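A closer look at the structure
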Amino acid sequence: MRYPLRLIFDSAKHLATQKLRGEPKFAVMLTLDPLGGRAGACGGSNGGNGQAPSQRRTPLSVEQCLAAMEECDVPVVAICGGEPLEY
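Residues numbered from 1 in each chain as written. Predicted model: local features only at pLDDT ≥ 70, side-chain atom pairs only at ≥ 80, totals over all residues. Heavy atoms only, no water.

**Here we look at the overall build of the protein chain**
- Helix and strand counts for the protein chain come out as two helices and two strands.
- Overall, the protein chain shows an N-to-C arrangement of helices and strands of α-β-α-β.
- Burial analysis of the protein chain (87 residues in total) assigns 15% to the buried set.
- Partitioning the contacts of the protein chain with sequence separation of at least 6, the portion at a separation of at least 24 is 74%.
- When the accessible surface of the protein chain is summed, it comes to about 6800 Å², and 57% of that surface belongs to carbon and sulfur atoms. (Helix = DSSP H or I, 4+ residues; strand = E, 2+ residues; numbered from the N terminus. Buried < 20%, exposed > 50% of the residue type's maximum accessible area, 1.4 Å probe, protein only. Contact = heavy atoms within 4.5 Å. Areas by Shrake-Rupley, 256 points an atom, 1.4 Å probe, with all protein chains shown as cover.)

This is how it looks when you write it as structure tokens:
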């Protein structure tokens, strides 16, 4: 089985609930970047193409991440960034 049965069930339930409510658009997945879009702990890089380094943002706290997850109410949350486990 490619995906866990529970994930398939939760996703199907979320889609069916939103369709029955008549929502024209709704979120299916939340992409959470707790480090604020920086390239890992180094704070971004120039990339060699003449662009300025990415703007530094303050990292999100655990409470802010949990609040975003509850506000979005989606079955799938992807934690991205340079090193999610480092955070």
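Now that the structure has been shown, the text picks up again.
**Things to note about the pattern of salt bridges**
- For the structure shown, the criterion picks out one salt bridge.
- Arg-6 serves as the salt-bridge partner of Asp-10, at 3.4 Å between the closest nitrogen and oxygen. Of this pair, Asp-10 and Arg-6 both sit in helix H1 (residues 5-21), four residues apart, which is roughly one turn of that helix.
- Taking the relative accessible area as the measure of exposure, Asp-10 reaches 22% and is therefore partly exposed. (Salt bridge = Lys/Arg side-chain N within 4 Å of Asp/Glu carboxyl O.)

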